[in-house]
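Okay, here's what each chain looks like letter by letter:
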Amino acid sequence: MINLLEVKHVTKKFGGVVANNDVSFSVERGQIVGLIGPNGAGKSTMFNMVSCVFPPTSGEIVFEGRNIENISSFKAASLGIARTFQNLQVFKNMTVIENVMVGAHLHTRSNMLIAALSLPGKRKEERELYDMAMEYLHFVGLEHLFDYLSSDLPLGALRLLELARALAVKPKLLLLDEIAAGLNHKETKEMANLIERIRDRGVTVLVVEHDMDLVMGICDKVVVLDQGVKIAEGTPKEVQNNEQVINAYLGADIDDIKGGE
Ligand SMILES: Nc1ncnc2c1ncn2[C@@H]1O[C@H](COP(=O)(O)OP(=O)(O)O)[C@@H](O)[C@H]1O
Ligand SMILES: [Mg+2]
């Protein structure tokens, strides 16, 4: 099956607000797909449905050939869907490595109950969790900060920490919601490079991002939402030259969609 994810005619209403209106698109295995659009277009809402935070009002979401619209977010994570949040959701009172261990925990053999009861195997498992978490910290470049309290980290490091924690779920599909927001130019470039390395490790990536250099630089395909409706889909070049897309971004700066060097 070439498509890892299929979003089919998905609509989400919040009272009178139609956050997503009959949206369909697919994500091919091994690709980096961008989901873009002006503020309020419905991007985060779509992420919340794909990660099963809440179900669509109507429509289907199919992951590896299986309907997931009505499963829990915990179940979605165990199927291999991991995400980061636009508003960071790091546990501030935990250390950096503890935050990643929380993510990795989902994939250890024995469950939380066994760990809590201190049955044999716990120590070994803790060690494995620790080593695995350290590997992901190394991958994102935060290894040296492993025992820092998360509340002491600057924004750039917090974004990397969220990424490490999501990777620790060993996802097949990784959803990144504005992972580069607030990062400087150099950090954004490093983030783009990191996302490509994640893809090269076999993880399919769906990114919501406002930084057009990042989107246009790394995405195989871009899906454009405006006021809940999909207005375009295609290669970065195709969407950049699409009249409807340019119009949707007018009023914003035209450079927003063209990207500026
Ligand atoms: N939990 C919610 N309850 C009510 N309205 C919401 C909720 N989440 C999003 N919305 C509304 O849905 C629309 C799309 O929001 P969102 O998906 O956050 O857009 P984007 O991420 O593209 O900026 C907005 O009008 C927003 O106010
Ligand atoms: Mg959003």
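Residues numbered from 1 in each chain as written. Chains lettered and ligands numbered in written order. Predicted model: local features only at pLDDT ≥ 70, side-chain atom pairs only at ≥ 80, totals over all residues. Heavy atoms only, no water.

A. The nonpolar core, seen in detail. In terms of nonpolar packing, the biggest core is built from 58 residues, with Leu-137, Val-140, Leu-163, Leu-174 and Ile-195 touching the most fellow members. Residues from two domains meet in this core; each of domain 1 (1-80 + 171-261) and domain 2 (89-169) gives at least three. When residues no more than four places from it in sequence are discounted, the contact partners of Ile-195 are Ile-32, Leu-176, Ile-179, Val-205, Val-207 and Ile-218. (Core = buried A, V, L, I, M, F, W, Y, C linked by side-chain atoms within 4.5 Å. Buried < 20%, exposed > 50% of the residue type's maximum accessible area, 1.4 Å probe, protein only. Domains from an automatic or database assignment. Contact = heavy atoms within 4.5 Å.)

B. Main features of the side chain of Asn-99. Tracing the chain through its elements places Asn-99 in helix H3 (residues 96-104). Discounting chain neighbours no more than four positions away, the residues touching Asn-99 are Val-90, Phe-91, Met-94, Ser-150, Leu-161 and Arg-165. (Helix = DSSP H or I, 4+ residues; strand = E, 2+ residues; numbered from the N terminus.)

C. Just the site of ligand 1, in detail. Every residue close to ligand 1 is listed here: Phe-14, Val-17, Ala-19, Pro-38, Asn-39, Gly-40, Ala-41, Gly-42, Lys-43, Ser-44 and Thr-45. The contact in question runs from an oxygen atom of ligand 1 to an N or O atom on the backbone of Ala-41, over 3.2 Å. Between ligand 1 and the protein, one listed contact pairs an oxygen atom with a backbone N or O atom of Ser-44 at 2.9 Å. Notes on ligand 1: free accessible area 560 Å², of which the protein chains cover 59%. The residue inventory of the shell around ligand 1, partitioned by class, reads five nonpolar, five polar and one charged. (Near = heavy atom within 4 Å. Polar contact = N/O pair within 3.5 Å; in protein donor to acceptor, adjacent residues only side chain to side chain. Areas by Shrake-Rupley, 256 points an atom, 1.4 Å probe, with all protein chains shown as cover. Nonpolar A, V, L, I, M, F, W, Y, C, P; charged D, E, K, R; others polar.)

D. Quick peek at the coordination of the magnesium ion (ligand 2). Protein-derived ligands of the magnesium ion (ligand 2) are Ser-44 (OG) and Gln-86 (OE1), with the metal-ligand distances lying across 2.1 to 2.3 Å. On the criterion of sequence distance, the pair formed by Ser-44 in helix H1 (residues 43-50) and Gln-86 in the loop between strand S6 (81-83) and H3 is long-range, its members being 42 residues apart. Ser-44 sits in the partly exposed class, given a relative accessible area of 23%. (Donors = N, O, S within 2.8 Å, 3.2 Å for Na, K, Ca; no water.)

E. Highlighting the pattern of salt bridges. Per the counting criterion, the structure on display carries nine salt bridges. Between Lys-186 and Glu-190 there is a salt bridge, with its nearest N and O atoms 3.2 Å apart. Residue Lys-186 and its partner Glu-190 are located together in helix H7 (residues 185-200), separated by four residues, close to a single helical turn. Look at Lys-186 and you get exposed, because its relative accessible area is 57%. Residue Glu-190 is classed as partly exposed on the basis of its relative accessible area of 43%. Between Asp-200 and Arg-199 there is a salt bridge, with its nearest N and O atoms 2.9 Å apart. With relative accessibility at 58%, the residue Asp-200 sits in the exposed group. (Salt bridge = Lys/Arg side-chain N within 4 Å of Asp/Glu carboxyl O.)

F. Broad picture of H3. Extensive coverage of H3 is indicated by the burial of seven of its nine residues. Buried residues of H3: Val-96, Ile-97, Asn-99, Val-100, Met-101, Gly-103 and Ala-104, and no others.

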